There are 2 protein chains.
Amino acid sequence: MWLRLDGEGTLHRQLYRALRAEVLSGRLDPGERLPSSRILAEELRLSRNTVLQAVDQLIAEGCLETRGRSGTFVMESLPADLRPADLASSNRSPARSPRELSRFATRLEEIVPSARVAWFQQPGAEIDFRYGEPAYEDLPLTTWSRLVARRAGRLSRRALSYPHVGGVAELREAIASYLGRARGVSCSPEQVLVTAGSQQAIDLAVRMLVDPGRPVVLEEPHYFGFAWSLAAIGARLVPVPVDEQGLCTSQLPRVRVARLACVTPSHQFPRGGVLPLSRRLELLEWARQRGAYILEDDYDSEFRFDVNPVAALQMLDEDGLVIYLGTTSKLLFPSLRIGWMVLPEPLVEPFQKARAVTDAGVPALEQLALADFIEGGFLERYLRRSRRRHAERREALLDALQHEFGPRARVHGEASGLHLLLALEELPADAARAFRNTCRSRGVSVYTANPLYLDPPAHTELLIGYGGLDPAAIREGVRRIRAAFESQTCS
Amino acid sequence: MWLRLDGEGTLHRQLYRALRAEVLSGRLDPGERLPSSRILAEELRLSRNTVLQAVDQLIAEGCLETRGRSGTFVMESLPADLRPADLASSNRSPARSPRELSRFATRLEEIVPSARVAWFQQPGAEIDFRYGEPAYEDLPLTTWSRLVARRAGRLSRRALSYPHVGGVAELREAIASYLGRARGVSCSPEQVLVTAGSQQAIDLAVRMLVDPGRPVVLEEPHYFGFAWSLAAIGARLVPVPVDEQGLCTSQLPRVRVARLACVTPSHQFPRGGVLPLSRRLELLEWARQRGAYILEDDYDSEFRFDVNPVAALQMLDEDGLVIYLGTTSKLLFPSLRIGWMVLPEPLVEPFQKARAVTDAGVPALEQLALADFIEGGFLERYLRRSRRRHAERREALLDALQHEFGPRARVHGEASGLHLLLALEELPADAARAFRNTCRSRGVSVYTANPLYLDPPAHTELLIGYGGLDPAAIREGVRRIRAAFESQTCS
């Protein structure tokens, strides 16, 4: 018997294919005895285990059979419908191609740049002003790992089985209570839906509330996660401008029937405005009159510096209009993959059903450890400490920007959050890419905010994340950005 | 000042509303000084912190202001657009109602029974033949918690940041290598997409491949997770019958352009057939000619008893037709919430983009611990041991069924998996509910398979899960089912 492996796939699979071809082509006669697996393995220089796997597969499929200790044989009667023609590529009718994907997939292809998929895995330069990540050095990891280890060491049967799709009871209670204290959110634990981060919550809300072609209000500029989910589902994006106070509610569309508005009232992303009460009320009234929902992403409102904390929009909502979102990605760290929605009562069951069909929930271990972390007061203690450190970093950044750029750069949204927006009006938008590369060659990673507009400005805007850098690195980084800026605007 | 709290929401929110109403109604004059927070707290019997939160909120919104140490005052000039009318419910224009949900949500409402949402949280009777859960007592939890604690104690910056949407590299490598060894699956780690269990994988595949109204092939009877996702997206379900060998490939639709077939070739759910080679080839050829994909759910194929293991259908696929799914819910435990897809090369990037938009990935800690668990050989050691124990349970179940029912019950799909199907032809389908209740009153939970058909049979079929019961409980349980059966069929 001459077996030729074709070099494609695992050895086990190659051998399986070769043996099968021998049997089905008739080159091995019905009833013929196969060499022992030991001999086959030696001849083919394969492990005996590989040979046994391939042979077992063919036995299971009815091509070979074992007869006790006397060995393995080709079946006397092959399954009637096993014809060599079924296997010979040359005889196959042509495949239909290209294989089509859904409209959802087709839209995604256009919306999401390939580079975004692994954005956070791409290493930044020595000084990295990336936004959207916390200060890893500040994290209370010893406490966290202790809580995780304790829960992991005593997983009950209930904690091992499918968790409730809304989240484990302990965590929903801890979140409801934390959000009441910290964000003025008023809800019962039943209204909390635990998700795998805020992007999953956004996707779920969009899917549950928006049909293709329907208009949805979006801030301009906006959080890209909103735009992605909306565009992927085929919604029509209705941009409403923002100013220094956030969404310009006077420009909300009066006529069209929008079913949803996606907003960031506590800290407009990316421009940083904090929506004042009058606009909050106007937004709620707009939604109430139109039967629209408001998706409030409260992504980093815990970090505020020179202004008093403003409670969530949800606090003002007395008509069940607001779907509130939060995430541990900014509060703790992103790989925890836990976020939450607070749902108006009538949406609780529909959203739970959607969770059951789209994803049966978040790992119980992280949920339980996070519940312990919140209930033990560790989260709020960490946030107090973290706020002080971020205030220093922010101070260093604002000083450095003032010192290096003076009036040549305008700073937006510095009052809160872990990033600010820097408008460089002397730098045309089409020079942004070259500018980024110049910064990079000087050991600094900067990120442009222009892709966050549906209708981007003509000049370059940078989104400067400072959460993860110490004051000295921040000063040095801004110095280098300035140098890159000078070389760019002079050339 | 007389404040009346209205009893709705948190105290903080109630006080906020009451104070705001005082200011906006003019009952508190512009410039008037508020009682100190200590006095307010005493008068209202609230904690001082609650009072401070409500006051801070109103300061942030421009209704109140602090003047250094002299106290808190009503703003001299309220924001111009803050009119009492904005707040008085009586003056508001009527809300539009009812608020509509999307077509997706509307379909979900019909598809998913409310009871299913918390199915696994509902306690079963003393002897519970629930299917879909592993034998918790067999789990190597000490090893698992040790691996988790070790990883939790040394989370690197990379492990804290956003994980790759496809899964962490260590786990994708471990899965690719495990699936090659155990299931004959041939893939690179790049083709592996880590998901939060198999339901998320099914939903993702359906969303990426199927548009509303398009036909999709489904086994009859079928896994409910397939049917849910397909029906929710609005697909047209094209049932193809199964027999003792699984899907009847000769009855695959010849004319219609189906883009997807959802199948369980290794262990048909729920009837247990193992698809023979000839049918596997026929299914692949059918898909190839139609430009269709095959979604292969390999949910519990690791548990096989009296037949040789059959490799996954994916092993035979040389044209990139098969999307392979697996999950730890059966292999280990459900609350781990980790599953995987093996994607044909051309689908890797589109599916990763979809992950980035729908859910930025699975927690890194569980992924890393699972990689250690697989690479350390613990998974395969556990499965060997577990298979022996399940074989005893299965033996006990088959003996008991034979002893109690003899020819009055037909057993299907007993060769593998953690459940079997029991057809009770003497028991009409419409008596199933009463029968379940009778069993329940005797301390036994049984579950009917009839909802797993698009066109259910006229008699009752039970899906008997035996993974989590010891042989004595199994024997006692079957005895009680028999007693319930007798009382039901005689009455």
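Residues numbered from 1 in each chain as written. Chains lettered and ligands numbered in written order. Predicted model: local features only at pLDDT ≥ 70, side-chain atom pairs only at ≥ 80, totals over all residues. Heavy atoms only, no water.

Asker: Quick one: what's the story with the overall build of chain A, residue by residue and with numbers?
Answerer: Scanning chain A for helices and strands turns up 18 helices and 15 strands. Seen through its C-alpha atoms, chain A measures out along the principal axes to roughly 90 × 60 × 50 Å. Taken across its 491 residues, chain A has 63% of its residues classed as buried. Restricting to contacts in chain A with at least 6 residues of sequence separation, those with at least 24 account for 71%. A total accessible area of about 18400 Å² is found for chain A, and carbon and sulfur atoms account for 50% of it. (Helix = DSSP H or I, 4+ residues; strand = E, 2+ residues; numbered from the N terminus. Buried < 20%, exposed > 50% of the residue type's maximum accessible area, 1.4 Å probe, protein only. Contact = heavy atoms within 4.5 Å. Areas by Shrake-Rupley, 256 points an atom, 1.4 Å probe, with all protein chains shown as cover.)

Asker: How would you explain the packing of helix H10 (residues 198–209) of chain A against helix H14 (residues 345–358) of chain A if you had to name every residue and give the values?
Answerer: All names here are of chain A. Packing of H10 against H14 brings their axes to within 11 Å, and their N-to-C directions diverge by 115°. In terms of their interaxial angle, H10 and H14 are classed as roughly perpendicular. The handedness of the crossing between H10 and H14 comes out as right-handed. On the side of H10, the interface is formed by Gln-200, Leu-204, Ala-205, Arg-207 and Met-208, while H14 contributes Pro-350, Phe-351, Ala-354, Arg-355 and Thr-358. Its residues assigned to classes, the contact of H10 with H14 comprises 6 nonpolar, 2 polar and 2 charged. (Axes fitted to C-alpha atoms, helices over the stretch in contact; angles between N-to-C directions. Parallel < 35°, antiparallel > 145°, perpendicular 65-115°, else oblique. Left-handed = near helix turned anticlockwise from the far one by under 90°. Nonpolar A, V, L, I, M, F, W, Y, C, P; charged D, E, K, R; others polar.)

Asker: Go over the pairing of strand S13 (residues 419–428) of chain A, please, and point to the residues and values.
Answerer: As a general feature of sheets, a regular strand has side chains that alternate between the two faces. Residues and elements named next belong to chain A. With 7 of 10 residues buried, S13 lies mostly within the body of the structure. Across 3 bridges, the pairing between strand S12 (residues 410–412) and S13 is antiparallel. By the bridge assignment for S13, His-412 is matched with Leu-421. One ladder, built from 7 bridges, connects S13 with strand S15 (residues 459–465); its direction is antiparallel. Note on S15: the bridge partner recorded for Ala-423 is Glu-461. (Pairing = 2+ DSSP bridges.)

Asker: Go over the interface of chain B and chain A, please, and point to the residues and values.
Answerer: Where the parts come together, the accessible area they lose is often given as the size of the interface. Contact residues are listed per partner, giving 128 residues for chain B and 129 residues for chain A. Of the roughly 11100 Å² buried at the junction of chain B and chain A (both faces included), carbon and sulfur atoms supply 56%. The interface formed by chain B and chain A holds 12 salt bridges in total. One salt bridge in this structure joins A:Glu100 and B:Arg259, with 2.8 Å as the shortest N-O distance. At the boundary of chain B with chain A, the tally comes to 37 residue pairs in polar contact (both at pLDDT 80 or more). When residues in the side of chain B that touches chain A are grouped by element, the largest group, 9 residues, is from helix H14 (residues 345–358) of chain B. (Buried area = accessible area lost by both parts, 1.4 Å probe. Salt bridge = Lys/Arg side-chain N within 4 Å of Asp/Glu carboxyl O. Polar contact = N/O pair within 3.5 Å; in protein donor to acceptor, adjacent residues only side chain to side chain.)

Asker: Quick rundown of the domain arrangement of chain A? Include the residues and the values.
Answerer: In terms of domains, chain A is made up of domain 1 (11–99), domain 2 (119–137 + 385–489) and domain 3 (141–380). Domain 1 of chain A and domain 2 of chain A are separated by 62 Å when their C-alpha centres are compared. (Domains from an automatic or database assignment.)

Asker: Describe the relation of the copies chain B and chain A, listing the residues and the values that go with them.
Answerer: Once turned by 180° and shifted 0.0 Å along the axis, chain B lies on chain A with an RMSD of 0.1 Å. This pairing of chains is accounted for by a two-fold axis. Residue B:Ala149 of chain B places its C-alpha closer to the rotation axis than any other residue of that unit, at 2.3 Å. In this assembly the copies share their binding face: 100% of the residues contributing to the interface of chain B also contribute to that of chain A. (Least-squares fit on C-alpha atoms with pLDDT ≥ 70 in both.)

Asker: Just give me the short version of the nonpolar core, but keep the residues and values in it.
Answerer: In this structure, A:Met341, A:Phe351, B:Met341 and B:Phe351 are the most contacted members of the largest nonpolar core, which totals 102 residues. With near-sequence residues (within four places) excluded, B:Phe351 lies in contact with B:Leu193, B:Leu204, B:Ala205, B:Met208, B:Ile323, B:Met341 and B:Leu343. In this structure, A:Leu147, A:Leu171, A:Ala312 and B:Leu418 belong to the second largest nonpolar core, which totals 89 residues. (Core = buried A, V, L, I, M, F, W, Y, C linked by side-chain atoms within 4.5 Å.)

Asker: Quick one: what's the story with the sheet that holds strand S9 (residues 293–297) of chain A, residue by residue and with numbers?
Answerer: Residues and elements named next belong to chain A. With mixed pairing, the 8 strands of this open sheet are ordered in space as S4-S11-S10-S9-S8-S5-S6-S7. Single-partner strands in this sheet number two, and they are strand S4 (192–195) and strand S7 (246–247). The pairing of strand S8 (residues 260–263) with S9 spans 4 bridges and is classified as parallel. In the sheet register, Ala-261 faces S9, and the bridge partner there is Ile-294. The sheet contacts of helix H11 (residues 224–233) involve strand S5 (215–220), strand S6 (236–243), S8 and S9, and relative to S5 the element is tilted by about 155°. Sheet strands in contact with H14 are S4, S9, strand S10 (322–327) and strand S11 (339–342), and its direction is about 20° off that of S4.

Asker: Kindly report on unusual backbone geometry, identifying the contributing residues and their values.
Answerer: Residue and element names in this part refer to chain A. Note that the residue after Glu-220, namely Pro-221, is joined by a cis bond; omega there is 0°. With respect to the helices, strands and loops of the structure, Pro-221 is situated in the loop between S5 and H11. In this structure, Arg-337 takes a positive phi of about 50° despite not being glycine. Turning to its location among the elements, Arg-337 is positioned in the loop between helix H13 (328–331) and S11. The exposure class assigned to Arg-337 is buried, which follows from its relative accessible area of 2%.

Asker: I'd like a rundown of helix H17 (residues 432–441) of chain B, residues and numbers included.
Answerer: All names here are of chain B. Buried within H17 are the following residues: Ala-432, Phe-435, Thr-438 and Cys-439. Viewed along the axis of H17, the buried residues span an arc of 120°, placing them on a single side of the element. In H17, the exposed residues that point more than 90 degrees away from the buried face are Arg-433 and Ser-441. In the segment just after H17, Gly-443 is the residue with positive phi, at about 85°. (Arc of directions from axis to C-beta.)

Asker: Give me the sheet that holds strand S15 (residues 459–465) of chain B: which residues, what numbers.
Answerer: All names here are of chain B. In space, the 3 strands of this open sheet follow the order S12-S13-S15, with antiparallel pairing throughout. Two strands lie at the open edges of the sheet, namely strand S12 (410–412) and S15, each paired on one side alone. Along the sheet, successive strands turn relative to each other by an average axial angle of 25°, direction set aside. Sheet strands touched by helix H18 (residues 471–490): strand S13 (419–428) and S15. Its angle to S13, the strand with the most contacts, is close to 20°.

Asker: I'd like a description of helix H5 (residues 103–111) of chain A, backed by residues and values.
Answerer: Count 3.6 residues to each turn of an α-helix, and residues three or four apart come out pointing the same way. Within the sequence span of H5(A), burial applies to A:Phe104, A:Ala105 and A:Leu108. Along H5(A), the residues classed as buried sweep out an arc of 95° about the axis, all on the same side. Against the buried residues of H5(A) lie H11 of chain A together with helix H10 (198–209) and H14 of chain B.

Asker: Would you mind going over the packing of aromatic side chains in detail, with residue names and values included?
Answerer: This model, assessed by the stated rule, comprises 22 aromatic pairs over all chains. Across from the ring centre of A:Phe73, 4.0 Å away, lies the NZ or CZ of A:Arg67, which sits over that ring. (Phe/Tyr/Trp six-rings, centres within 6.5 Å; stacked < 30°, edge-to-face > 60°. Lys NZ or Arg CZ within 6 Å of the ring centre and 35° of its normal.)

Asker: Which residues make up the environment of B:Trp144, and what values do they have?
Answerer: Counting through the fold element by element, B:Trp144 comes out in helix H7 (residues 141–152). Residue classification places B:Trp144 among the buried residues on the basis of a relative accessible area of 4%. Between the alpha carbons of B:Trp144 and B:Phe269 there is a distance of 29 Å; along the sequence they are 125 residues apart. In this structure B:Trp144 touches A:Leu155, B:Phe333, B:Leu336, B:Glu366, B:Ala369, B:Leu370 and B:Phe373, once residues within four positions along its chain are discounted.

Asker: Summarise a negative patch on the surface; cite the residues concerned and give the values.
Answerer: Residues and elements named next belong to chain A. Where like charges cluster on the molecular surface, the negative patch consists of Glu-173, Glu-190, Glu-345 and Glu-375. Considering the arrangement of structural elements, one finds Glu-173 in helix H9 (residues 169–183). Take Glu-173: its relative accessible area is 47%, and that puts it in the partly exposed class. (Patch = residues over 30% accessible without salt bridge, like charges linked within 9 Å, V, L, I, M, F, W, Y side chains within 5 Å. Lys, Arg positive; Asp, Glu negative; His and termini not counted. Charge placed at Lys NZ, Arg CZ, Asp CG, Glu CD.)

Asker: If you had to explain the pattern of salt bridges to someone new, which residues and values would you point to?
Answerer: Overall, the coordinates contain 66 salt bridges over all chains when judged by the stated rule. For A:Arg103, the salt bridge is made with B:Asp211, and the minimal N-O distance between the two is 4.0 Å. Of this pair, A:Arg103 sits in helix H5 while B:Asp211 is found in the loop between H10 and strand S5 (215–220), placing the two residues in two different chains. Residues B:Arg408 and B:Glu426 are paired through a salt bridge, measuring 2.6 Å at the closest nitrogen-oxygen approach. With B:Arg408 in the loop between helix H16 (378–405) and S12 and B:Glu426 in strand S13, this residue pair connects regions lying 18 residues apart in the sequence.

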